[in-house]
Amino acid sequence: MKFRITKRHILKFFKRLGIGILALFLLFLLLNLIFPLHDKIEYSTIVTDNKGEVVNAYLTSDQKWRMKTELDEISPLLRKTIIAKEDKYFYSHPGINPFAIARAFFKNIFRMKTTSGASTITMQVARALEPRKRNILSKIIEMFRAFQLEWKYSKDEILQMYLNLVPYGGNIEGVKSASQLYFRKNPDHLSLAEITALSIIPNRPSSLVMGKTNDKIMGERNRWLKKFAADKVFTEKEIEDALAEPLTASRGVMPHYIPHLAYKLKKPGSLVRTNIDLNTQLKTEKLVEDYTRTQRLRNIKNAAIVVIDNKTHKVITYVGSSDFRDTIDGGQVNGANAVREPGSTLKPLLYATCFDEGLLTPKTVITDVAVNYQGYAPENYDQKFNGYVTVEYALEHSLNIPAVKSLKLLGHEKLIRKLIQCNFRQIQKDQRKLGLSMILGGCGATLEEMTGLFSVFANNGDYIAPSYTQDDTNHHSLNIASPAAVYMINEILSKVNRPDFPLNWSATEHMPKIAWKTGTSYGKRDAWSIGYNKNYTVGVWVGNFSGVGSADLSGANVATPLLFKIFNTIDYDSDEEWFTQPKDCDIRQVCSETGLTPSEHCTDLTTDYFIPLISSTKACDNWQEIMISPDEKISYCKSCAPQSGYKKKWYKIIEPDMQAWLEDNRIAYTKIPPHNPDCEVIFKGNAPFITFPVNGSEYLINKKSPEPLQLTCKTANDVSKVYWYINNKFYKASNAGEKQFFVPDEGAVKISCTDDKGRNRDIKIMVKYVNL
């Protein structure tokens, strides 16, 4: 009986075939749900410099070097070589190659041993993800996993996974780890000979060891290169060059540069692309190591550096300590990110803010004399007072008292807000605790934050957060100070005839022009010097991580020489132009005695920068015409002046605190004669200021031998006598500026001081008698 194939038979066949394929597909989906693919891979953390070169890396949790090869690092040469050797039909099959399986089956049966494999690249990935014993069941599972991989990933992604998981002996996995450890380069820079040599090792990772069996590897490499030539995978010239290339590779170690920054930025399995310029980094590290070695005899053992490129706002150098390997002096501590006392380094921002608020200009005169703000009595670094000083002089000489007075005038809350805008984390945390002492270092800041802050002065007053990685492209600009205020600060800080110019520094011939500010913390624990020009902002911290101070530690003589060395290295003989005067900054004449716009009685004038419509236009008023007796022993007011028999004379108005300073320093000045004793008018304002005791303070007195408390006050320069009252009872009269003493009773004590004009001041203190 003849069997005829009809159209009906063909349709029936394809129908059953379709049902079968659909059933297999549904079974695959079901198995895919029951046995999900475990495709999570833990990679080593890689840190690169600004050129993409690996500068640091970290092992995975299972102690493997498994560095992720990115898709853009798979060069056409690498792709072509691996596919030609491992899986010619990789881009054609669905995860398994049936023809390769059949060929391997018959070849192995015929030779009665395993001589040919049929694993595709996808199946090798499956085996690497879930290692198993080599048997038939494992092969079936690998095939199923291969289908799952092909279902979920693209061919390029599967090839990437293969290149990331393939073993190269020991604890090395992935072509990037191998290329770094064996050839010290990225996989996209490998030659044909190097790629072929690497591709051989996974077949026998225990017997083919780079650096030990290079001759064997080279023999296998050349055999495969000749096979590539026979298959016309590469040109004759490419094969000829590859065969001639020697193999001298051996296992090296991973680079361990920028360890502090790498640790700060690392995330498990991530690729951290930093902006570090490795050449500048290594030069700076050598400078820091050599410099701190010379300072060890002075008990100064560590330093930290941050360098910002002002044109790109990228951190190009980051040194956390003088030597990361130093286990004795805490070399692993990140000094650039440690919270320290900033000393006087916040003063430039303070004065710039005061300029913008119209409170001060560079030539504004401030009194540098003893002050007391409710028990807080700041002192200058040299514990001396300078009397009348300009803001310019105060910043040049880093005087503390004018800075505290300026902060009092501005309000410390405004300065805190500015610092919070510049990402000062510790100041934001402590903002409710901070007061006037913050301007002298009574707060916490890091070198990272301080260097970022000073970059404001190199960028027309705009703060742009320093960028540590290439992925950080959010360069949001925030105005902190006006270009005019910044220019004034730059002009002050760029002068070289300053007391904080290092005494032992002479090599400035080729050093670029810079502006810089120094700072020294309380107890001489931290020395700061932060400098900048149009190209770079460099922050330097020197000290001890233990917090131990040193008598020789100061920003001027310890930190600044290192700052100058760094600028001499990274910006040597730079001819970059200096900052130009902005349009919103103008020049005017002012009285040199006050820094205010001159009045008709001002004879000594000078020029000063100012901000039009912002800076104060108040006229100088430090001279006043007073009515006095012909013998110049009595002064009169309008209420008590006689109709005749008096004359008028101009007197310079001197504040009480300046009078006290002038008298203490035996500097002569013209006093206003005492006021008419017969005058019945009680004057308002300028009441005596009681400097001691301090209002609101508590005093402990020894019961066995009570020590008297001192009474002192400051008065206007037309006052000759003052009268002291204790708990509303008259105690004693004395000349203005004269010290008195008394032994108080226990409990609350009210102290009053009245001058000979009838002006009065009251304070209250608390006294306790204790056994000392």
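Section: the sheet that holds strand 21 (residues 698–702)
Turning to step 1, where the next piece is worked out: Ordered in space as 21-27-26-23-24, the 5 strands form an open sheet in which the pairing is mixed. This sheet does not close on itself; its edge strands, each paired only once, are strand 21 and strand 24 (729–735). This sheet shows a mean twist of 30 degrees between the axes of neighbouring strands, independent of strand direction.
Turning to step 2, where the next piece is worked out: Across 6 bridges, the pairing between strand 23 (residues 721–726) and strand 24 is antiparallel.

Digging into the environment of Ile427
Turning to step 1, where the next piece is worked out: Positionally, Ile427 belongs in helix 17 (residues 425–430).
Turning to step 2, where the next piece is worked out: Each C-alpha atom, one on Ile427 and one on Cys443, is 6.6 Å from the other, the two residues being 16 residues apart in sequence.

Notes on the side chain of Gln659
Turning to step 1, where the next piece is worked out: Mapped onto the elements of the fold, Gln659 is located in helix 21 (residues 656–664).
Turning to step 2, where the next piece is worked out: Within the local environment of Gln659, its side chain forms a polar contact with the backbone oxygen of Thr715, the two atoms lying 3.3 Å apart.

What to know about the packing of aromatic side chains
Turning to step 1, where the next piece is worked out: All told, the structure shown has 15 aromatic pairs when counted by the stated rule.
Turning to step 2, where the next piece is worked out: When the centroid spacing of 5.0 Å and the interplanar angle of 75 degrees are considered together, the rings of Phe90 and Tyr91 count as edge-to-face.
Turning to step 3, where the next piece is worked out: A network of ring pairs unites the aromatic residues Phe454, Phe457, Tyr532, Trp578 and Phe579 as a single cluster.
Turning to step 4, where the next piece is worked out: Of note, Lys85 hangs over the ring of Trp224, and the distance from its end group to the ring centre comes to 4.9 Å.
Turning to step 5, where the next piece is worked out: Against the face of Phe90 rests Lys155, its NZ or CZ located 4.7 Å from the ring centre.

Comments concerning the packing of helix 4 (residues 121–129) against helix 6 (residues 155–165)
Turning to step 1, where the next piece is worked out: Following both chains from N to C, one finds helix 4 and helix 6 inclined at 50 degrees, their axes separated by 9 Å at the closest point. The orientation of helix 4 with respect to helix 6, classified from their angle, is oblique. Crossing of helix 4 against helix 6: the hand is left-handed. Here Ile121, Thr122, Gln124, Val125, Ala128 and Leu129 of helix 4 lie close against helix 6, whose contacting residues are Ile158, Leu159, Met161, Tyr162 and Leu165.
Turning to step 2, where the next piece is worked out: For the contact of helix 4 with helix 6, the residue count by class is 9 nonpolar, 2 polar and no charged.

Scoring rules and cut-offs
- Residues numbered from 1 in each chain as written.
- Predicted model: local features only at pLDDT ≥ 70, side-chain atom pairs only at ≥ 80, totals over all residues.
- Heavy atoms only, no water.
- Pairing = 2+ DSSP bridges.
- Helix = DSSP H or I, 4+ residues; strand = E, 2+ residues; numbered from the N terminus.
- Axes fitted to C-alpha atoms, helices over the stretch in contact; angles between N-to-C directions.
- Polar contact = N/O pair within 3.5 Å; in protein donor to acceptor, adjacent residues only side chain to side chain.
- Phe/Tyr/Trp six-rings, centres within 6.5 Å; stacked < 30°, edge-to-face > 60°.
- Lys NZ or Arg CZ within 6 Å of the ring centre and 35° of its normal.
- Parallel < 35°, antiparallel > 145°, perpendicular 65-115°, else oblique.
- Left-handed = near helix turned anticlockwise from the far one by under 90°.
- Contact = heavy atoms within 4.5 Å.
- Nonpolar A, V, L, I, M, F, W, Y, C, P; charged D, E, K, R; others polar.

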